[in-house]
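Overview (structure and organization)
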Amino acid sequence: MTASGQIGRELEAVLPKERIVADTAARRAYDSDAYPIDRHPPDAVVLPETTEEVSRLVRWCVEQSIPYTPRGAGTGLSGGAMAARGGIVISTKRLTRIFEVDAANRMMHAQSGVPNLRLSQAAAPFGLHFAPDPSSQSVCTLGGNIAENSGGPHTLKYGVTYPHILQVVLVDPSGEVWTIGSRSGRAPGPDFLSLIVGGEGTLGIVTEAWVRLTPTPQCVETALVAFPSVRQATECVSAIVSSGVIPAALEMMDKGIIGALRAAFGLQYPDGSEALLLVECDGNDPERIADELATVESISQANGALELRRAQSEAERKDLWKARKKGIGAMGRLAPSIVTHDGVIPRSRLPEMLDFVYQVAAEHDIGVANLFHAGDGNLHPCMYFDDRDPLQVEAVIAAGEAIIARCVELGGSVSGEHGIGVEKSTLLESMFGPDDMRLQRIAREIFNEGDLCNPCKVIPNQKGCVEHRRRSRGVAW
Amino acid sequence: MSSDLIDISTRCIRCGFCLEACPTFTETGLETHSPRGRIYLARSADEGQASWTTVRKSIDSCLGCRACETACPSGVEYGRLLELARSRLERAEPDRHLARVLDWMTRPSLLRLSAALGGLLPGGEAPNPLGPGRTPVPRPQPRGDWPPYEGPVPKRGEVALLAGCAMDCLFARTHEASVRLLARVGLLARPLHGCCGALHAHNGFLDEGVRRAEALDPRGLPIVTDSAGCGGWLKEARGSKVKDLSEVLLDGGLDSDLGRCEPLRLRVAYHDACHLAHGQGIRAQPRALLAAIPGVELVPLAESDTCCGSAGIYNLREPEMANLLLDRKWRHIEATHADVVAAGNPGCLAWLQAAAQRSGSRIRVMHTSEILEAAFSGWSS
Ligand SMILES: Cc1cc2nc3c(=O)[nH]c(=O)nc-3n(C[C@H](O)[C@H](O)[C@H](O)COP(=O)(O)OP(=O)(O)OC[C@H]3O[C@@H](n4cnc5c(N)ncnc54)[C@H](O)[C@@H]3O)c2cc1C
Ligand code: SF4
Ligand code: SF4
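Here we come to the domain arrangement of chain A. We note that the domain assignment places domain 1 (3-91), domain 2 (98-215), domain 3 (219-329) and domain 4 (335-409) within chain A. Placing the centre of domain 1 of chain A and that of domain 3 of chain A at their C-alpha centroids yields a distance of 42 Å.

What follows concerns the interface of chain A and chain B. The partner chain B presents 30 residues to the 37 residues of chain A that form the contact. Regarding the contact of chain A and chain B, the summed buried area is about 2,800 Å², with carbon and sulfur atoms giving 55% of it. On the chain A side of the interface with chain B, the three residues burying the most area are Arg28, Arg333 and Trp477 of chain A, jointly 23% of the side's total. Linking chain A to chain B there are three salt bridges. Measuring nitrogen to oxygen at the nearest pair gives 3.2 Å for the salt bridge that ties Glu20 of chain B to Lys93 of chain A. The interface formed by chain A and chain B holds 16 residue pairs in polar contact (both at pLDDT 80 or more) in total. Breaking the side of chain A that touches chain B down by element, the ones donating at least two residues are helix 2 (24-29) and helix 12 (327-332) of chain A. For the side of chain A that touches chain B, a count of residues per class yields 17 nonpolar, 10 polar and 10 charged.

Turning our eyes to something else, we now look at the packing of aromatic side chains. All names here are of chain A. A complete count under the given rule lists zero aromatic pairs over all chains for this structure. Positioned over the ring face of Tyr358 is Lys255, at 4.7 Å from the centre of the ring. Sitting above the plane of the Phe356 ring, Arg406 keeps its charged end 4.7 Å from the centroid.

Let's shift gears to the site of ligand 1. All names here are of chain A. In the vicinity of ligand 1, 34 residues are found, and the nearest of them are Pro70, Gly72, Thr75, Ser136 and Thr141. Ala73 is positioned with one of its backbone polar atoms (N or O) 2.9 Å from an oxygen atom of ligand 1. Listed by contribution, the elements that provide at least two residues to the shell around ligand 1 are strand 3 (68-71), helix 5 (142-148) and strand 10 (205-212). Here the shell around ligand 1 gets five residues from one element, more than from any other, and that element is helix 5. Classifying every residue of the shell around ligand 1 gives 11 nonpolar, 19 polar and four charged.

This next bit is on the sheet that holds strand 5 (residues 223-225) of chain B. Residues and elements named next belong to chain B. An order of 4-3-5-6 is seen for the four strands of this open sheet, with the pairing classed as parallel. On the outer flanks of this sheet lie strand 4 (187-192) and strand 6 (242-244), each paired with one strand and no other. With strand direction ignored, the average angle separating the axes of adjacent strands in the sheet is 35°. Across three bridges, strand 5 lies against strand 6 in parallel orientation. Each bridged residue has a counterpart across the sheet, and for Val224 the counterpart in strand 6 is Lys243. Running over the sheet, helix 10 (residues 172-184) touches strand 3 (157-162) and strand 4 and is turned about 165° from strand 3.

All names here are of chain A. In the structure shown here, the tally under the stated rule is one disulfide over all chains. Paired through a disulfide, Cys456 and Cys465 show a sulfur-sulfur distance of 2.2 Å. Looking down the S-S bond of the Cys456 and Cys465 bridge, the torsion is -85°, so its handedness is left-handed. The pair formed by Cys456 and Cys465 is uniform in burial state, with each residue classed as buried.

Residues and elements named next belong to chain B. Looking at chain B, the domain boundaries give domain 1 (5-92), domain 2 (96-136) and domain 3 (157-377). Computed over C-alpha atoms, the centres of domain 2 and domain 3 are 21 Å apart. Across the contact, 17 residues belong to domain 2 and 17 residues belong to domain 3. Summing the contributions of domain 2 and of domain 3, the shared interface buries around 1,500 Å²; its carbon and sulfur component is 77%. Between domain 2 and domain 3 we count one salt bridge in total. In this structure, the salt-bridge partner of Arg212 is Asp103, at a minimum N-O distance of 3.5 Å. At the surface where domain 2 touches domain 3, the tally comes to three residue pairs in polar contact (both at pLDDT 80 or more). Secondary structure elements with two or more residues in the side of domain 2 that touches domain 3: helix 7 (96-105), helix 8 (108-120) and strand 2 (134-136). Examining the composition of the side of domain 2 that touches domain 3, we find that five residues originate from one element, helix 7, more than from any other. When grouped by side-chain class, the residues that make up the side of domain 2 that touches domain 3 number 11 nonpolar, four polar and two charged.

Residues and elements named next belong to chain B. If you check the shell around ligand 3, you find 13 residues, and the closest are Cys22, Cys62, Cys65, Arg66 and Cys68. Breaking the shell around ligand 3 down by element, the ones donating at least two residues are helix 2 (23-28), helix 3 (35-46) and helix 5 (67-71). Residues belonging to the shell around ligand 3 are distributed by class as follows: nine nonpolar, two polar and two charged.

What follows is about the sheet that holds strand 5 (residues 98-102) of chain A. Residue and element names in this part refer to chain A. One open sheet holds the five strands; their spatial order is 5-6-10-8-9, and the pairing between them is antiparallel. Among the strands making up the open sheet, the edge pair consists of strand 5 and strand 9 (177-181). Neighbouring strand axes in the sheet, compared pairwise and without regard to direction, differ in orientation by 10° on average. Note that strand 6 (residues 107-111) and strand 10 share five bridges and pair antiparallel. Across the sheet, residue Gln111 finds its bridge partner in strand 10, namely Glu208.

Rules behind the numbers
- Sequence order sets the numbering: in each chain, residues are counted from 1 along the sequence as written.
- All chains are assigned letters beginning at A, and all ligands numbers beginning at 1, according to the order in which they are written.
- In keeping with the model being predicted, local features are shown solely for residues with a pLDDT of at least 70 and side-chain atom pairs are shown and tallied solely at 80 or more, while totals for entire chains, interfaces and linings include all residues.
- With hydrogens and water set aside, each side-chain value is computed from the structure's full complement of heavy atoms.
- Reported domain spans reflect what an automatic or database domain assignment gives.
- Here a residue-residue contact requires only that any non-hydrogen atoms of the pair lie within 4.5 Å.
- Each of two parts loses accessible area, computed with a 1.4 Å probe, when they are put together; buried area is these two losses added.
- Definition used for salt bridges: Asp or Glu carboxyl oxygen within 4 Å of a side-chain nitrogen of Lys or Arg.
- We define a polar contact as two N or O atoms separated by no more than 3.5 Å, with the added condition that, inside protein, one atom must be a possible hydrogen donor and the other a possible acceptor, whereas residues neighbouring each other in sequence contribute only through side-chain atom pairs.
- Numbering goes from the N terminus for both helices and strands, where a helix is a DSSP run of H or I of at least four residues and a strand is a run of E of at least two.
- Under the scheme applied, nonpolar residues are Ala, Val, Leu, Ile, Met, Phe, Trp, Tyr, Cys and Pro; charged residues are Asp, Glu, Lys and Arg; polar residues are all the others, including Gly.
- Classification of ring pairs rests on two measures: the distance between centres of Phe, Tyr or Trp rings, Trp counted by its six-membered ring, which must be within 6.5 Å, and the angle between planes, read as stacked under 30 degrees, edge-to-face over 60 and tilted in between.
- A positively charged side chain is recorded as over a ring if its NZ (Lys) or CZ (Arg) lies within 6 Å of the ring centre. The angle to the ring normal must also be within 35 degrees.
- Think of it this way: one heavy atom of a residue within 4 Å of a molecule or strand is enough to make that residue near it.
- Strand pairing is assigned whenever DSSP detects at least two bridges linking the two strands.
- Axis definition: a line fit to C-alpha positions, over the contact stretch in the case of helices; interaxial angles, taken between N-to-C directions, run 0 to 180 degrees.
- Disulfides are defined as cysteine sulfur pairs within 2.5 Å.
- The buried label applies to any residue whose accessible area, calculated with a 1.4 Å probe on protein chains only, is under 20% of its type's maximum; exposed applies above 50%, and partly exposed to all values in between.

Listed below in structure tokens is the structure:
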């Protein structure tokens, strides 16, 4: 029997057979997430349905010294849910119950495998929603959002995931179950919650959470503005923010995206458009929102806008959002594979950063288009290439590293919201000094003794990780 | 339309946006039972990194409902990919029994006979020819059940209305309604006999499916179908001259005629057949027609465009998943407290009918055509 067949069989003592898969097809299907250039198959995949089952599984892994990797929907963009050293993938896709919506106290209790959008749908009858809204919200899970501390287009106004998490149930890397944080939002003692949120699944598996719900604004105004240059669009963003208006969303798309949208969906923008800016203002006072949008309009004009489209209905609003939401998908039509990078820079440096991105892509002969959460300087250069060509895969990795290094030089950060995963685990040191790194390692070791829980992610600290990098990273299809 | 698996599979960027749209994924939570997983595995087999045998379970468990196609931002033509993958699989591991059963199922005379016999069996069930257990057999509808036609004489033109294997034979009353409705918009329906090949194309016999589609002879007339599965396939195989009945009726202005009918006090829930909604993008037309009937209240149906599990012969091949999805669908239907649930595909109708019977529900299952025609010719309860 193969090693994976063996592990699958032994797991049957821990979990019902029908929730264990270890056949060749399953091992292949789970060998990567949405980061397509680093793959490794697990030996088996398991789908627990309760916290207790997760705890039993983790204890079993610890006893057997088998590494395990938590996985939600697998939409992560830095390889976080990939089983770098094999072992077991613990999927949360059967932890999908919503236990309670407590509308009076604006909070909700759910298991970690529930898709983000379903949380908001369940809260909608009460006029509430779960504010973090990654573009992948229709599928990505609550657990994934917590692990990556995900943001979204509306992060500018409502913040990333962290402030919306009140309490989590965590199965730690020894299998013990903890309740961390408090439903009142205030807990005495050290703030462990802030370690777990953003821990990228290296500090344990979140099985349940109490999340904060936010009143859904009653009016929303949306506009899409076209600019002849990225510089003008960026200056417009700065002017909007300094005018005191805080839009709910402020998203920018460059000419690469404009071209992809045109090619894929026939969407038309004025000739000479080099950047699109999507602005959304929301609140409960229609007059105030209309005023805010009027301000945005006049600032746009002052900054040389070519055109401003304002949504007159919900349908038109959805249409304008298409430019943002369908941008990445549109790129899928240009080449077999894409990698979406993620870095942060001070907003004022956006134009020069973008020039740098184009230059790097041209040097490596790779197609690129850029999406940004412009309000907070979070940049997503999206590269498209043929994943069957080893040279192109290498070029994508090299170009990505050059871009991230530049973000750090310009006073920014290696990651805005997609996490470190395996993608950037060697780049952390470019941002943090040795003391910082030591602290991070200590935190990791306290929680994750033996490094069986999601090994080789964020801080690769064992020989197996070097081995993994050498063999699996950047290997063509 | 691409004929190369690789052209389609490499369009997938692994974003996962299709996962929650996929009924087999939401039921199992398994990547191997998701569109992204299936595309990845088909690509792996296609490029020689896995054998077709190892990916068989993943491909077999797919409904072919194409909900993933609607959800995909990257334009992956999943329906086509599945046809190609299944025909590659059939070549790698031929299934002669399936071929025989398909042949038998697509012969109207045999179908009618077995349905008539099945109706006599206790509980209206027969042994499942393609899997374990027993399966419900639809009871054929009566022929000539409508009162004499008193509408306008069709003078505007002619169309070829596909009789197919099931519509004319098991759903005679519905199919007669379709003929009468076409007459009401001025179109004379000439019957188009023969099998369109959809079941073949969707189950690994792509060449045979194409052969059957091409062998149909509409004598130069535009083809109209009242079966979503056939229509979807014929549009793919024969192109744009093929139309679903609801498109033709709405184009012909049937909604304004309906608006002048006597009120029909009905609460109607509309179930989107996959091969109308996801396959042909037809959602609005049937709803607009139903809503045009005075007195009809269209009530919202949760997950209206999620597959009911029937999916061609899927309910025979994968009865367990098919029944899970049927239960899920029927729960949503009962929650609407509708009088009738309408759909535009014979497979869905027969399958939903079985659920209605099993649960002893008073909700009637009807083809959209039957309700529309009842607005003109009277409601029989
Ligand atoms: C097209 C596209 C658009 C995207 N847009 C955005 C965006 O706007 N903003 C943004 O922030 N991200 C975005 N992402 C990235 C991704 O969707 C998010 O990181 C998301 O939160 C991941 O959720 P998931 O359920 O898919 O997690 P997975 O990919 O399955 O896992 C991600 C990480 O979390 C860990 N993990 C998962 N579940 C748990 C758990 N229960 N307990 C502990 N650890 C766990 C995994 O081990 C892994 O390290 C996008 C991705 C795609 C493909
Ligand atoms: S939505 Fe489309 S591109 Fe994304 S994973 Fe599914 S099939 Fe692939
Ligand atoms: S066709 Fe239906 S069952 Fe098959 S992968 Fe697509 S959504 Fe899932």
